[in-house]
Amino acid sequence: MSKPHTIAIPKGRLLDSVVKYFTARGMDIRFGSRKLSAVDSTGRLEIYKVKNHDLPAYVHHGIAGLGIVGDDTVTESGHSFTRILTLPFGGTRLCVAAPKGSLTPGQLGGTVTVATSYVRMTRDWFHRRGIPVKIIRLGGSVELAPVLGLAPYIVDLVETGSTLAANGLEVVADLGDIKVRLIANPAYFKLHYREIAELADIMMRES
Ligand code: PRP
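About the criteria used
- Each chain has its residues counted from 1, running along the sequence as written.
- Where totals are concerned, whole chains, interfaces and linings use all residues; where local detail is concerned, this predicted model gives features only for residues with pLDDT of at least 70, and gives and counts side-chain atom pairs only at 80 or more.
- Excluding hydrogens and water, the side-chain figures rest on all heavy atoms present in the structure.
- What makes a residue near a molecule or strand is one non-hydrogen atom of that residue sitting within 4 Å of it.
- The term polar contact refers here to a pair of N or O atoms within 3.5 Å; inside protein, the definition further demands a hydrogen-donor-capable atom paired with an acceptor-capable atom, and it admits residues adjacent in sequence only when both atoms are side-chain atoms.
- Surface accessibility in these figures is a Shrake-Rupley result with a 1.4 Å probe; residues are shielded only by whichever protein chains are displayed.
- Strands here mean DSSP runs of E at least two residues long; helices mean DSSP runs of H or I at least four residues long; both are numbered from the N terminus.
- Residues are grouped as follows: nonpolar covers Ala, Val, Leu, Ile, Met, Phe, Trp, Tyr, Cys and Pro; charged covers Asp, Glu, Lys and Arg; every other residue, Gly included, is treated as polar.
- In this document the domain limits rely on a domain assignment from an automatic tool or a database.
- A 1.4 Å probe defines the accessible area here, and the buried area is the portion of it lost by two parts on being joined, summed over both.
- Put simply, a salt bridge is a Lys or Arg side-chain nitrogen that is within 4 Å of an Asp or Glu carboxyl oxygen.
- Here a pair means two rings of Phe, Tyr or Trp (six-membered ring of Trp) with centres within 6.5 Å. Their orientation is stacked below 30 degrees between planes, edge-to-face above 60, and tilted elsewhere.
- For each structure, a 1 Å grid was placed over the protein atoms alone; sets of points admitting a 1.4 Å probe that cannot get out are labelled cavities, open sets with protein on both sides within 12 Å along at least five of seven lines are labelled pockets, and lining residues have an atom within 4 Å of a point.
- Grid points are joined across faces, edges and corners, and a volume is the space filled by probe spheres set on the points.
- For the exposure calls, accessible area comes from a 1.4 Å probe over protein chains only, and a residue counts as buried if that area is under 20% of its type's maximum, exposed if over 50%, partly exposed in between.
- Lys and Arg are tallied as positive, Asp and Glu as negative. Neither His nor the chain termini are counted.
- Contacts are assigned to residue pairs with any non-hydrogen atoms lying within 4.5 Å of each other.

Undergrad: I keep staring at the site of the ligand and nothing clicks. Help me out?
TA: Taken together, Gly-140, Ser-141, Glu-143, Asp-156, Leu-157, Val-158, Glu-159, Thr-160, Gly-161, Ser-162 and Thr-163 are the residues near the ligand. Within the backbone of Gly-161, an N or O atom sits 2.7 Å from an oxygen atom of the ligand. Thr-163 has a polar side-chain atom sitting 2.4 Å from an oxygen atom of the ligand. Starting from 490 Å² of accessible surface for the ligand in isolation, the protein chains cover 67%. Elements represented by at least two residues in the shell around the ligand include exactly strand 8 (153-158) and helix 7 (162-166). Ranked by residue count, the leading element in the shell around the ligand is strand 8, at 3 residues. Among the residues forming the shell around the ligand, the class breakdown is 2 nonpolar, 6 polar and 3 charged.

Undergrad: Any chance you could explain the domain arrangement of the protein chain here in plain terms?
TA: One widely used convention gives an interface's size as the accessible area the parts lose upon coming together. Entries for the protein chain in the domain assignment read domain 1 (5-91 + 179-204) and domain 2 (92-177). Computed over C-alpha atoms, the centres of domain 1 and domain 2 are 29 Å apart. Across the domain 1 to domain 2 interface the summed buried area is about 810 Å²; carbon plus sulfur atoms make up 50%. Across the domain 1-domain 2 interface, the total number found is 1 salt bridge. Residues Arg-13 and Glu-159 are paired through a salt bridge, measuring 3.3 Å at the closest nitrogen-oxygen approach.

Undergrad: Any chance you could explain the packing of aromatic side chains here in plain terms?
TA: The tally for this structure, following the rule as stated, stands at 3 aromatic pairs. Here the aromatic rings of Phe-189 and Tyr-193 are separated by 5.5 Å at their centres, their planes lie at 85 degrees, and the arrangement is edge-to-face.

Undergrad: How should the layout of surface pockets be read in this particular structure?
TA: Space inside the largest pocket adds up to approximately 860 Å³. Surrounding the largest pocket, 33 residues form its lining, Asn-52, Asp-72, Thr-73, Ser-117 and Tyr-118 being those nearest its centre. When residues of the lining of the largest pocket are traced back to their parent elements, those giving at least two are helix 3 (71-77), strand 5 (82-99), helix 5 (119-128), strand 8 and strand 9 (169-184). When its residues are assigned to classes, the lining of the largest pocket shows 10 nonpolar, 12 polar and 11 charged.

Undergrad: Help me understand the side chain of Asp-40, please; the structure alone is not making it clear to me.
TA: Among the secondary structure elements, Asp-40 is positioned in the loop between strand 2 (37-39) and strand 3 (45-50). At 5.2 Å, Arg-44 is the nearest oppositely charged side chain to Asp-40, a buried residue that forms no salt bridge. At 2.7 Å, the side chain of Asp-40 forms a polar contact with the backbone nitrogen of Leu-45. Residues in contact with Asp-40, not counting those within four places in the same chain, are Met-27, Asp-28, Ile-29, Leu-45 and Ile-47.

Here it is as structure tokens:
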């Protein structure tokens, strides 16, 4: 059997779905207690469990040939990867949100202050629309920013909308869908094209 694919998967909210997805396709993954790497039951994958934010660096530097990650994390990293597959779980939307009843950013007619972890996508979206923007970078829990008066607007991922609602916020503009993808380091993809195509076939199977 050929060497296993090295693949980075994120530790955060996607981890359980990723592990279940592989398990349902015969690739059982078990991490020992506190262990951050594992080989699946078929020996096809050598898996590294990394922080979501760090995942692009592992794939970009070729430490992991493959990765499973959201579009948001890829775009914010600034790196380019080969996109192999879109996975059927973990999809979200990136939205501008503000306290209920707020104007949309376009209606404001001045510089809009936005708190976000998604600086690159936020800057691009506002620039494309010619709306001046001041961005305050936060690591998470950005819904607190309008509540505490740090910034009247946020850009964040919205899945069920319950975090916004619980903090008295609502969506005022949509930046787009965020999908979860299987990506590859472009050089790794060229070298292992056939084996990656085989893996992609297995991954696309109905469970
Ligand atoms: C994400 C996102 C929102 C929340 C949206 O946060 O940043 O806060 O999920 O989900 P919902 O629409 O279903 O409520 P996450 O839990 O990943 O933590 P974070 O605040 O540290 O980003």
